[in-house]
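Examining the three-dimensional arrangement
Chain by chain, the residues run as shown.
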Amino acid sequence: MNILDEFDTIAAPATPMGAGGVGIIRISGDKAFEIIEKIFSNPNFEPKKFNLGWIKDGDNKIDEVVVLPFFAPNSYTGENVIEIQCHGGVNVVKNILNLVLKNGARMAEKGEFTKRAFLNKRMDLSQAESVADIIHAKTRDFAKASMKNLAGVLKEKINTIRNEIFEVLSKITAGIDFPEDVKEPEYEYLTERFESIISQIDTVLAGAKTSNIFREGASVAIIGKPNVGKSSLFNALLSLDRAIVTDIAGTTRDVLRETLDLGIPVTLVDTAGIREDGDVSTVEKIGIEYSKQSLEEADLVLFVYDASKGLDNEDKEVLKLLEDKNHIIIANKSDLAEPEAGVKISALKGDGISELKDLLTRKVCEIEPENLEFVTNTRQQECLKKARNAMEQALLAAKINELQDLISIDVKSALLALDELTGELVTDNILDNIFENFCIGK
Ligand SMILES: Nc1nc2c(ncn2[C@@H]2O[C@H](COP(=O)(O)OP(=O)(O)OP(=O)(O)O)[C@@H](O)[C@H]2O)c(=O)[nH]1
Ligand SMILES: [Mg+2]
């Protein structure tokens, strides 16, 4: 994709290809109306109305449809847009799409509709990115938080910060350019403004870790000696008979992974029981290696021991492996005996599982999801960090009464970093990267 591509007319299915109630084909660009006039049986169609009629290839009727026309700039992309709602079968959608392409549209690339919305200034980059987040959100909470970005919450905050930087920069520049007429701002004033700007950037960055966990999810590994009930716990947390459970030590060999929705997506990992004694088979040994690897990769470890046997030396050996890891000690089989330590559960009876889930949620994500004020992605976080560093430099300089000429250089680069975030200043590369993550038709 090239930012300078002429805005030709694009088309794509806006609904997933499959059997469904309706299928939607979207056309955007100058020729959208010209194309629909050629293939739609109802010549008197009106914008922003449901127009019933037939899609026709010459005399050949393809499907009875509803056509929704939008005139530029009042559409999703800011261009002329036609939405065709047809019956939701793969072949119907394909036939209509082919006809649209035959009559002058080109197949849209991934995210091209949203890219046009951005290029036509219907939304800024943070809003465009939130569209992809909403589509890919693995949990409801993240979809909700991304929706706030689409509504412009992040955009507004960034604009406020940007305007403040711009205002200080104007004052500094005026002082430099017109030294006779304008007094340069006091250093005390600069220090105060810079500190305030930095703390506002920090507010947005505060949600970064949570945002990333929301986006990518957290990995939680269940680790322990053989036969303590790891797979039973895995199944209980998932409410699913996913892993094989037997009373034979060494049942689990392969690593099992499943997604658990705790408001944040969690990849739950069941592993082979770790033991170091001599008569471990080759297969089990490999399994144990995998367990140790999963342990390394995990964001959080659930260490399980058998409450009816107590914490023995073998348990303690395993515990040593996860000393430096964020972990929760779990006393399973507490239906058989009162545990000496740890979170009391019975995977078999289901006791303590919902409390454990609550604890897990709190541990994985220190802040409650509702308190996540600003969702950011890594690209945006990089821009914010760049802006913060530049402001930090400016602050240091202001504190030692550095020449304001020099201070203005840092303030300018902070401004540029924020412009990069919102897309005021954007390169083809960045755009391609962002819209790669979309689906066709968005
Ligand atoms: N009484 C009781 N038995 C349990 C409980 N949880 C698991 N068990 C039993 O303990 C045995 C081992 O359970 P698994 O879940 O296979 O144990 P594991 O830790 O996955 O074992 P490996 O895969 O061999 O490492 C099975 O017979 C389970 O039914 C529990 O809470 N109470
Ligand atoms: Mg197991």
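Residues numbered from 1 in each chain as written. Chains lettered and ligands numbered in written order. Predicted model: local features only at pLDDT ≥ 70, side-chain atom pairs only at ≥ 80, totals over all residues. Heavy atoms only, no water.

1. Quick word on the site of ligand 1
In the region of ligand 1, 23 residues are neighbours, and Lys-230, Ser-232, Gly-250, Thr-251 and Asp-335 sit closest. Between ligand 1 and Ser-346 there is a distance of 3.1 Å, counted from an oxygen atom to a side-chain nitrogen or oxygen. Relative to its unbound accessible area of 660 Å², ligand 1 is 90% covered by the protein chains. Tallied by class, the residues present in the shell around ligand 1 amount to 8 nonpolar, 11 polar and 4 charged. (Near = heavy atom within 4 Å. Polar contact = N/O pair within 3.5 Å; in protein donor to acceptor, adjacent residues only side chain to side chain. Areas by Shrake-Rupley, 256 points an atom, 1.4 Å probe, with all protein chains shown as cover. Nonpolar A, V, L, I, M, F, W, Y, C, P; charged D, E, K, R; others polar.)

2. Quick look at the pairing of strand 5 (residues 81-88)
Across the 8 residues of strand 5, 6 count as buried, placing the element largely inside the fold. Where strand 2 (residues 20-28) meets strand 5, 8 bridges bridge the pair, whose relative direction is antiparallel. Each bridged residue has a counterpart across the sheet, and for Ile-27 the counterpart in strand 5 is Ile-82. Summarising the sheet, strand 4 (residues 60-70) and strand 5 pair through 5 bridges and their orientation is antiparallel. Residue pairing in the sheet places Val-66 in a bridge with Gln-85 of strand 5. (Buried < 20%, exposed > 50% of the residue type's maximum accessible area, 1.4 Å probe, protein only. Helix = DSSP H or I, 4+ residues; strand = E, 2+ residues; numbered from the N terminus. Pairing = 2+ DSSP bridges.)

3. Some remarks on the coordination of the magnesium ion (ligand 2)
Ideal donor angles around a metal are set by the shape: a four-donor tetrahedron calls for 109.5 degrees, a six-donor octahedron for 90 or 180 degrees. Within the protein, the magnesium ion (ligand 2) binds to Ser-231 (OG) and Thr-252 (OG1); these donor distances fall in the range 2.0 Å. Of this pair, Ser-231 sits in helix 9 (residues 230-238) while Thr-252 is found in the loop between helix 9 and strand 8 (256-261), placing the two residues 21 residues apart along the sequence. On the accessibility criterion, Thr-252 (13% relative accessible area) is buried. (Donors = N, O, S within 2.8 Å, 3.2 Å for Na, K, Ca; no water.)

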